Amino acid sequence: MPRLVDAGYAIVPCGGSLSYSAGTLPASGAWVAVDLRGLSRVLEVNPLDRTVRVEAGATWAALDAELAPRALRCPFWGPASGLQATLGGTIANDGIFFGSAAFGAARHGVRGLTVRLADGSRLETGVHLGRGGTGQSLALALGPDFGALFVGSCGAFGIIVEVTLPLLERPSQVLGAGFGCADASVATAALAALARDRVTSEAIAVAPRGADGPWSLSLAVESVCADEARARLARASAACLGVGAGPSGDGVLGAFRASPFMPPTMLRDAAGRRWVPVHGLLPHSRALRGVEAVDRVMRQQASRVAESGISHSLTLALVGAGAVQSAGSSPSADPVRYRAASDR
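Note that the coordinates shown come from a computational prediction; the quantities given were computed from them, not determined experimentally. For every chain, the first residue of its written sequence is number 1, and the numbers climb from 1 along that sequence. In keeping with the model being predicted, local features are shown solely for residues with a pLDDT of at least 70 and side-chain atom pairs are shown and tallied solely at 80 or more, while totals for entire chains, interfaces and linings include all residues. Note that the side-chain values use all heavy atoms of the structure and ignore hydrogens as well as water.

Peer 1: Describe the overall build of the chain, and please don't skip the residues or the numbers.
Peer 2: A run of H or I in DSSP counts as a helix once it spans at least four residues, and a run of E counts as a strand once it spans at least two, with each numbered from the N terminus. For the chain, the helix and strand inventory stands at ten helices and 16 strands. Put simply, the chain has 344 residues, and 44% of those count as buried. The contact criterion used is simple: two residues touch if any of their non-hydrogen atoms lie within 4.5 Å. A fraction of 67% describes how many contacts in the chain between residues 6 or more apart in sequence connect residues 24 or more apart. Only carbon and sulfur atoms are counted for the fraction: they give 56% of the accessible area of the chain, which is about 16,300 Å². For the exposure calls, accessible area comes from a 1.4 Å probe over protein chains only, and a residue counts as buried if that area is under 20% of its type's maximum, exposed if over 50%, partly exposed in between. Reported accessibility uses the Shrake-Rupley method at a 1.4 Å probe radius. Residues are deemed covered only where the shown protein chains occlude them.

Shown next as structure tokens:
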């Protein structure tokens, strides 16, 4: 890597290569992609310390399959694209989804990282420090931890090659519920109420036709005990009902959890149009204003949107106690351009 950098090449880490956000496509200049998928070993599962150390090119689906027979799981256990998305790519982009309502984004589960810098040197952070020749991680990070520099940096400061994550007893009970929300104010209030209760594993709210129309909200709860799962579902349902949401079946997340890591068919619809999510992370106090601002822009640009053959929807996902992630997703009417980009 040092010689490539000295010669003016950009070093681009490449994980699952989904590229729906163009994350592995440099804007210009000479560049070299480093494919991490060969680094896919689970190096150490430590049930006593409740940690797992794994190479960054492993997919979330592969890690979960390794942990399932041991009745263990990571608290945050990957994005919906975890069949192809790698641990390193998800952490470098600070991804969310499975477990995010209860445990936050990818950054909140990182205990230690091993990173290769541009000059080829090896940097260890968090519990990876001080291992020496033992290969065993520390119990806790000691002193300043520079790992946060590499989480969410999209590989700008170095390439993640190894990560240690926490483990918990694998929940055996998963229940889901769905709710209808009259508008964005009810949907955002329901997500904030769920965040305060901290009993939900995942929660998403979707507005298919603009922010001022009806929204649907789906949530999932989990536990190792059936009675506790039912109690959590009752508390989560009460939180939604308390702000004006109405019950609407079981929602989609309970069924989704039964087969969580699906092929990435959501990246392109039946007509071949590309799905382009545009994300933002907002505190609950600004979630409604954020939704209204996006909707206002889309209405102001309605003629250009229609001429371009673009349709859009709004989605909010609960991330821990303090935030929601918004996704304004727009299927583009240019399937040829999408295929060319996705093939790279």
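Peer 1: Now, about the side chain of Thr90: what can you tell me, with residues and values included?
Peer 2: By the secondary structure assignment, Thr90 is in helix H3 (residues 87-92). Residue classification places Thr90 among the buried residues on the basis of a relative accessible area of 7%. A 3.5 Å cut-off defines polar contacts: any pair of N or O atoms within that distance qualifies, except that in protein one atom must be a possible hydrogen donor and the other a possible acceptor, and neighbouring residues in sequence count only when both atoms are side-chain atoms. Side chain to side chain, Thr90 and Trp60 meet in a polar contact 2.9 Å long. The contact partners of Thr90, leaving out residues within four places of it in the chain, are Trp60, Phe76, Pro79, Ala85, Gly95 and Ala106.

Peer 1: So, a nonpolar patch on the surface: which residues are in play, and what are the values?
Peer 2: In this scheme, patches are assembled from residues that exceed 30% relative accessible area and form no salt bridge. Like charges are connected within 9 Å, while nonpolar side chains (Val, Leu, Ile, Met, Phe, Trp, Tyr) are connected within 5 Å. Note on definitions: salt bridges are taken to be side-chain nitrogens of Lys or Arg within 4 Å of carboxyl oxygens of Asp or Glu. Taken together, the side chains of Phe146, Leu149 and Phe157 make up a nonpolar region of the molecular surface, amounting to roughly 340 Å² of accessible area. Residue position: Phe157 is located in the loop between strand S7 (122-126) and strand S8 (159-166).

Peer 1: Explain the packing of aromatic side chains residue by residue, including any values.
Peer 2: When two rings of Phe, Tyr or Trp (its six-membered ring) have centres within 6.5 Å they constitute a pair, described as stacked for plane angles under 30 degrees, edge-to-face for angles over 60, and tilted for the intermediate range. Overall, the coordinates contain seven aromatic pairs when judged by the stated rule. Note on Phe97 and Phe256: the rings are 6.1 Å apart at their centroids and 50 degrees apart in plane angle, and the pair reads as tilted. In this pair, Phe97 is assigned in the loop between H3 and helix H4 (100-103) and Phe256 in helix H7 (residues 253-258), connecting sequence segments 159 residues apart. Residue classification places Phe97 among the buried residues on the basis of a relative accessible area of 14%.

Peer 1: So, the packing of helix H5 (residues 184-197) against helix H8 (residues 284-300): which residues are in play, and what are the values?
Peer 2: Interaxial distance between H5 and H8 falls to 10 Å at its minimum, and their mutual angle equals 160 degrees. Taken as axis vectors, H5 and H8 run roughly antiparallel relative to one another. The hand of the H5/H8 crossing is right-handed. Here Ala184, Ser185, Thr188, Leu191, Ala192 and Ala195 of H5 come into contact with H8, specifically with His284, Ala287, Leu288 and Val291. Under this grouping Gly is polar, as are all residues other than the nonpolar Ala, Val, Leu, Ile, Met, Phe, Trp, Tyr, Cys and Pro and the charged Asp, Glu, Lys and Arg. Here the residues of the contact of H5 with H8 are counted per class, giving seven nonpolar, three polar and no charged. Where helices are involved, their axes are fitted lines through C-alpha atoms of the stretch in contact, as for all axes, and angles between N-to-C directions lie from 0 to 180°. Any angle between 65 and 115 degrees counts as roughly perpendicular, while under 35 counts as roughly parallel, over 145 as roughly antiparallel, and the rest as oblique. Here a crossing is called left-handed whenever its near helix is offset anticlockwise from the far helix by less than a right angle, and right-handed whenever the offset is clockwise.

Peer 1: Tell me what's going on with the side chain of Gln325, and back it up with residues and numbers.
Peer 2: By the element assignment, Gln325 lies in strand S16 (residues 323-332). By relative accessible area, Gln325 is classed as buried at 18%. The contacts of Gln325, once residues within four sequence positions are left out, are Ile96, His279, Gly280, Leu281, Thr315, Leu316, Ala317 and Val319.

Peer 1: Could you give an account of the sheet that holds strand S4 (residues 51-55), naming the residues involved and the relevant values?
Peer 2: When DSSP locates at least two bridges between a pair of strands, those strands are taken to pair. Read from one edge to the other, the open sheet built from five strands follows the order S3-S4-S8-S6-S7, with strand pairing classed as antiparallel. In this open sheet, the two edge strands, each paired with only one partner strand, are strand S3 (42-46) and S7. This sheet shows a mean twist of 10 degrees between the axes of neighbouring strands, independent of strand direction. Sheet topology places strand S6 (residues 112-116) next to S8; five bridges connect them, and they run antiparallel. When the sheet's bridge partners are listed, Thr114 is paired in S8 with Glu162.

Peer 1: Which residues make up the environment of Arg122, and what are the values?
Peer 2: Mapped onto the elements of the fold, Arg122 is located in strand S7. At a separation of 3.4 Å, a polar atom in the side chain of Arg122 contacts the side chain of Glu124.

Peer 1: Can you tell me about the pattern of salt bridges, naming the residues and giving the values?
Peer 2: Under the counting rule described, the total for this entry stands at 15 salt bridges. With a shortest N-O distance of 3.5 Å, Glu44 and Arg53 are connected by a salt bridge. Since its relative accessible area comes to 11%, Arg53 is described here as buried. Across the salt bridge formed by Arg235 and Asp197, the nearest N and O atoms sit 3.2 Å from each other. You can see Arg235 sitting in helix H6 (residues 226-241) and its partner Asp197 sitting in helix H5, a full 38 residues away along the chain. Of the residues examined, Arg235 reaches a relative accessible area of 44% and is grouped as partly exposed. One salt-bridge network, in which partners are shared between bridges, spans Arg73, Glu202, Glu222 and Arg257.

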